[in-house]
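Chains, contacts and geometry: an overview
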Amino acid sequence: MTEMQISSARKINWIVHIILIISAVIMLVPFVWMVLTSLKTTTEATQIPIRFFPDAPSLRGYIEAIKQSAFPHYYMNTVFTAIMKTIFPVVFSSMAAYAFARLRFPGSTILFVLIISVMMVPNPVFYTPQYMMMSDFGLVNTVTALWITSLISPFATFLLRQFFLTISKELEEAAVLDGCNPFQIYWHIMLPLVRSAMVAIVIIQLQWSWNELQWPLIINSSPEKMTLSSGIATLVSMFGTDYPVLMAGAFMAVVPMIILFFIFQKQFIEGIAFSAHKG
């Protein structure tokens, strides 16, 4: 490599890093604004011209957010729902993916195409029939209704099927010769080989479940049965919104995910990058 090429490569690296830094700052501005607004008074939050920093930071927004809403219930409902919406889809989707990838049964191709076609339909299309089903079962305004409609994930089924197809068939044949049945092959051989894909799916499901807004707002109206996203939405009033209280509630909602990210930062980055690469 000539000196001119090295110099050109260094300039490109500098430009790329500068662009990434600017992009990171732009993405952080809304979060910083949310935190600062939660520490302002209502007057400061709605003042024109805009005031970036509060004169005297106050925790009034956090206190009012807890007083005006059932935050302990929101947290418990959200954590429970996120866990259920992560465990069941991962387990059931991995079983379905293994069956579609390795087992041969009548109508498997048609059934797989039908499952994948669900990914092309917007979620709001399912809300009306799902609500009617929950109403018939008497599950409206219950925590169960938040997760019972998401027992399987078409995306997870598709992604894991692609991974299972890449695994050598010789492993299965050797397991069959050793006397393993299909479930033993799936559990002891296949699942450990797609661990990275499983991590990616767990991360995606957890983030999606934690942030879901529309279905919790539709199925539950009781404050004790709401999740964080739907509970915070109730802080918005048609007659006026207390923005420090709203921003305080939003910040308290994202804190668990921030803590989770710092604890499992490596797994988060690897899992999401891995899913993007394979998807």
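Structure's up top.
In this report, we go over the structure that sits alongside the text. Just so we're clear, the structure is a prediction, and the values are computed from it rather than from any experiment.

Counted as a void, the largest pocket has a volume near 670 Å³. Lining the largest pocket are 22 residues, and of these Asn-123, Ser-150, Ile-152, Pro-154 and Trp-208 lie nearest its centre. Contributions of two or more residues to the lining of the largest pocket are made by helix 4 (71-102), helix 6 (124-136), helix 8 (154-165) and helix 11 (195-211). If you add up the space inside the second largest pocket, you get close to 370 Å³. Lining the second largest pocket are 10 residues, and of these Gln-207, Val-254, Met-257, Ile-258 and Phe-261 sit closest to its centre. Among the elements that line the lining of the second largest pocket, the one with the most residues is helix 14 (residues 243-263), at 5 residues. Of the residues assigned to the lining of the second largest pocket, the class counts are 8 nonpolar, 2 polar and no charged.

Before going further, it helps to spend a moment on unusual backbone geometry. Keep in mind that most residues, glycine aside, have a negative phi and that most peptide bonds are trans. Look at the link from Ile-48 to Pro-49: it is a cis peptide, with omega at 0°. Here Pro-49 shows up in the loop between helix 2 (42-45) and helix 3 (60-68). In this structure, Asn-141 takes a positive phi of about 65° despite not being glycine. Considering the arrangement of structural elements, one finds Asn-141 in the loop between helix 6 and helix 7 (144-147).

How each quantity is defined
- Residues numbered from 1 in each chain as written.
- Predicted model: local features only at pLDDT ≥ 70, side-chain atom pairs only at ≥ 80, totals over all residues.
- Heavy atoms only, no water.
- 1 Å grid on protein atoms, 1.4 Å probe; cavity = no way out; pocket = protein on both sides within 12 Å on 5 of 7 lines; lining within 4 Å.
- Points joined across faces, edges and corners; volume = space filled by probe spheres on them.
- Helix = DSSP H or I, 4+ residues; strand = E, 2+ residues; numbered from the N terminus.
- Nonpolar A, V, L, I, M, F, W, Y, C, P; charged D, E, K, R; others polar.

Everything listed here is a matter of geometry and, on its own, says nothing about what the molecule does.
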